[in-house]
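Listed here are the chains, written in short residue letters.
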Amino acid sequence: MWWHRCSCVPLRPVYAEFELSLTAMGAKPSGRNVQGQRVCQRRPGSQGTKMEMPLWLAKGLYERKRRVLSMELPKVYREGWRTVFGADPTVVDLHKMGPYYYGLGSQLLHFDSPENPEIANTILQTFIGRFRRTMDSSQNAYNEDTSALVERLDCLERSLFKAGQSGLNSFQLWEKGRSSHLTASSLVINYRKRKITDLQA
Amino acid sequence: MSLLTLRRNFFNVHVITTTKIYRENCLRWYIGDLASYDFIPKKYRHLSATNKFTMFCEKAVELIRELHRMGDGQLPAFNEDGIRQVLEEMKALYEQNQTDVNEAKTEGKSELIPSIKFRHSCLLRNQRCIAAYLYDRLLRIRALRWEYGSVLPTTIRFHMCAEEMEWFNQYKKSLATYMRSIGGEEGLDITQDMKPPKSLYIEVRCLKDHGEFEIDDGTVILLKKNSQHFLPRWKCEQLIRQGVLEHVIS
C-alpha cells in the first residue's frame, strides 16, 4: 500500500460523560456570535452539572490542579465490565461496546482517575487475551467471507486483521507462482467500477 | 443527515438539530432548550436540557468522514466549500478569543478563562481535522503517481485543487530527478518492476483499443481489443497497470 489512512482523528463521536464542577462554567457563554450580537443564554448551572463532552474538548479543558472537570468513566471501563474482561476477554463484542475501546481507554488515562492502574491493566490484558484469536483467524481465513470473524472486533483489532489477511493473500499468491503476474492497479479497477455505476445511476 | 445517525448517542442528536441552525445563521453559540426537539433518547432525558455544548468543529469532522467514505485510496473532489467554512469558524473563534483575552488581561476577569480555553480547544481540533484532511489527500495523490504514472486522467485532475496539482508536479519532478541520479548513466526507473520479473518478454492481451504502440526496435504494433502480442516486459508494464493490457500466463 502506498498510502495509509491518517488514523489520528476518530470518526465516530467519541465522548464520555463528564461532570462539571466549576462555577466559572456558568460565565462561559458570554461570547458573541458572528454577527456581533450578544446572544442571550441560560446559565447551564454551576457546580456539579453533568455534561457530555467530546474527548478532545475534555482533554483541552482538563486541569489537574484546579479541578475544572471530573470525569465519569464510561460503562466499559468500570468495575463491572473490568471483571468481565478479567474472566474471559474473547467473549465480549468490542465493536458494540464502543468501537474504539483500546484507543479511548488509553486516552481516558489522561484524566488521573484513581482507578487508572486497573484500567490500564485491564485494557492490556484484554488485548493480550483477544489477540491470539484475531491473529489466528486472520491467518487462516483464506478466500472466504470474514464478516462473522470481524464483527466483534474493535477498530484496532480490525486493522490488525486486515494486515494479517493481506499478508496471507500475498503469501498464497506467491505459492501459486502468481507473484510475478502483472495486474492492473486496484485504484484503476475501483475507479472504473465507480464510473460504470455512476453511468448506470 | 439520516435517522441512522440518531443512535444512542445524544451528542449526535444535538448535532443534527444545530446543523440546521448553522445553515441559517452560522456559528451561533447556543445552549438551548432541547425539549423542543422531538427525539431525545430515553437514557438521556434525565439530563437537563441546558447541559449541551454547541457543536463547533462538526464541519471539520464531516470533511474527514467524506474522505473515509471513499475507501481504497480513491480521491474525492476537493471540498473547497467545506474548508472555507471551517476556516471561517476558526477565524470567528479566534477573534472572540482575542477580545476575551484582552478583557481578561485589562479588567482581570478570570472567569472568562474557561471560555477562552474552550475556544482554543475548538481551534486546535479544527486545525487537526483540516491538517488530517489535507495530508490524507496528499498521500492519495502521491499514490496516484505510482499507480497511474505521470499523466493522470482528467476526471482525477478535476478532483484536485490547484495547490494539490502543483504539489503533484513537484513530486513528479523530485521523483524523476532522483531516478536519474541513481543507476549509472541513464538512471533507473524505480516505478518499473514492482513485481519480481520472471522473463524479458511477456504475453499480453489487449483489453481495449489503444491505437498504435511503438517498441524499441521500431516496430509499430496496433493494439486492438482482444488481440494478443508478445512484447517486452518493460514496455508493457505501465499499460498493464493502467488496465489497457492484460498479462496472460499460460
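For clarity, every value in this text was computed on a predicted model and none was experimentally measured.

### Side note on the overall build of chain A
Inference 1: The number of helices and strands found in chain A is 7 helices and 3 strands.
Inference 2: The N-to-C order of helical and strand elements in chain A reads β-β-α-β-α-α-α-α-α-α.
Inference 3: For chain A, with 201 residues in total, the buried portion stands at 42%.
Inference 4: Within chain A, contacts between residues at least 6 apart in sequence are counted, and of these 72% link residues at least 24 apart.

### Some thoughts on the sheet that holds strand 1 (residues 201–206) of chain B
All names here are of chain B.
Inference 1: Strand order in this open sheet of 3 strands is 4-1-5, and the pairing throughout is antiparallel. The two strands at the open ends of the sheet, each matched to only one other strand, are strand 4 (228–232) and strand 5 (245–247). Strand-to-strand twist of the sheet, defined as the mean angle between neighbouring strand axes without regard to direction, takes the value 45 degrees.
Inference 2: Bridge count for strand 1 against strand 5 is 3 bridges, and the pairing is antiparallel. Each bridged residue has a counterpart across the sheet, and for Arg205 the counterpart in strand 5 is Glu246.

### Overview of the packing of helix 2 (residues 58–69) of chain B against helix 4 (residues 113–148) of chain B
All names here are of chain B.
Inference 1: In the contact formed by helix 2 and helix 4, the axes pass within 8 Å of each other and the chain directions differ by 20 degrees. In terms of orientation, helix 2 and helix 4 fall into the roughly parallel class. Note on packing geometry: the crossing formed by helix 2 with helix 4 is left-handed. On helix 4, the residues touching Ala60, Val61, Leu63, Ile64, Glu66 and Leu67 of helix 2 are Arg125, Asn126, Cys129, Ala132, Tyr133, Asp136, Arg137 and Arg140.
Inference 2: Class assignment for the residues of the contact of helix 2 with helix 4 results in 8 nonpolar, 1 polar and 5 charged.

### Quick look at a nonpolar patch on the surface
Residues and elements named next belong to chain A.
Inference 1: Among the surface-exposed residues, Phe131, Met135, Leu156 and Leu160 lie close enough to one another that they form a single nonpolar patch of about 320 Å² accessible area.
Inference 2: Every element with two or more residues in the nonpolar patch is listed here: helix 4 (116–140) and helix 6 (155–175).
Inference 3: Assignment of secondary structure puts Leu160 in helix 6.
Inference 4: With relative accessibility at 33%, the residue Leu160 sits in the partly exposed group.

### Digging into the confidence of the model for chain B
All names here are of chain B.
Inference 1: This prediction gives chain B a mean pLDDT of 77; 78% of its residues lie at or above 70.
Inference 2: Mean pLDDT values for the elements of chain B range from 42 in helix 1 (residues 10–24) up to 94 in helix 6 (residues 162–181).
Inference 3: Low confidence marks residues 1–41, where pLDDT is under 50. Its contacts with residues over four positions away, or in another chain, come to 87 contacts.
Inference 4: Between residues 44–53, whose pLDDT stays under 50, and residues either more than four places distant or in other chains, the model counts 37 contacts.
Inference 5: The ipTM, which scores confidence in the relative placement of chains, is 0.73 for this predicted complex, and the corresponding pTM is 0.74.

### A look at the UniProt feature "domain: DNA replication complex GINS protein PSF1 C-terminal" (unreviewed entry) in chain B
Inference 1: Within this numbering scheme, the UniProt entry marks residues 198–249 of chain B as carrying the feature "domain: DNA replication complex GINS protein PSF1 C-terminal" (unreviewed entry).
Inference 2: Spanning residues 198–249 of chain B, this segment combines 17% helix with 42% strand, and its end C-alpha atoms are found 11 Å apart.

### Here we look at the pattern of salt bridges
Residue and element names in this part refer to chain B.
Inference 1: On inspection of all chains with the given rule, the structure shows 17 salt bridges over all chains.
Inference 2: With its nearest N and O atoms 3.0 Å apart, the salt bridge here joins Glu88 to Arg84. With a gap of 4 residues between them, Glu88 and Arg84 both fall in helix 3 (residues 80–107), about one helical turn apart.
Inference 3: Residue class for Glu88 comes out partly exposed when judged on its relative accessible area of 41%.
Inference 4: Between Arg205 and Glu246 there is a salt bridge, and its shortest N-O distance comes to 3.2 Å. Of this pair, Arg205 sits in strand 1 while Glu246 sits in strand 5; the two residues are 41 residues apart in sequence, bridging distant segments of the chain.
Inference 5: Using a relative accessible area of 32% as the deciding quantity, one classes Glu246 as partly exposed.

### Notes on the environment of B:Leu75
Residue and element names in this part refer to chain B.
Inference 1: Tracing the sequence through the fold places Leu75 in the loop between helix 2 and helix 3.
Inference 2: Between the C-alpha atoms of Leu75 and Gln170, which are 95 residues apart in sequence, the distance is 19 Å.
Inference 3: With sequence-adjacent residues up to four places away left out, Leu75 is seen in contact with Met70, Arg137, Arg140, Ile141, Leu144, Ile156, His159 and Met160.

Rules used throughout
- Residues numbered from 1 in each chain as written.
- Chains lettered and ligands numbered in written order.
- Predicted model: local features only at pLDDT ≥ 70, side-chain atom pairs only at ≥ 80, totals over all residues.
- Heavy atoms only, no water.
- Helix = DSSP H or I, 4+ residues; strand = E, 2+ residues; numbered from the N terminus.
- Buried < 20%, exposed > 50% of the residue type's maximum accessible area, 1.4 Å probe, protein only.
- Contact = heavy atoms within 4.5 Å.
- Pairing = 2+ DSSP bridges.
- Axes fitted to C-alpha atoms, helices over the stretch in contact; angles between N-to-C directions.
- Parallel < 35°, antiparallel > 145°, perpendicular 65-115°, else oblique.
- Left-handed = near helix turned anticlockwise from the far one by under 90°.
- Nonpolar A, V, L, I, M, F, W, Y, C, P; charged D, E, K, R; others polar.
- Patch = residues over 30% accessible without salt bridge, like charges linked within 9 Å, V, L, I, M, F, W, Y side chains within 5 Å.
- Areas by Shrake-Rupley, 256 points an atom, 1.4 Å probe, with all protein chains shown as cover.
- Salt bridge = Lys/Arg side-chain N within 4 Å of Asp/Glu carboxyl O.
- pLDDT = per-residue confidence, 0-100.
- UniProt positions renumbered as here; feature names shortened; annotations may be inferred.

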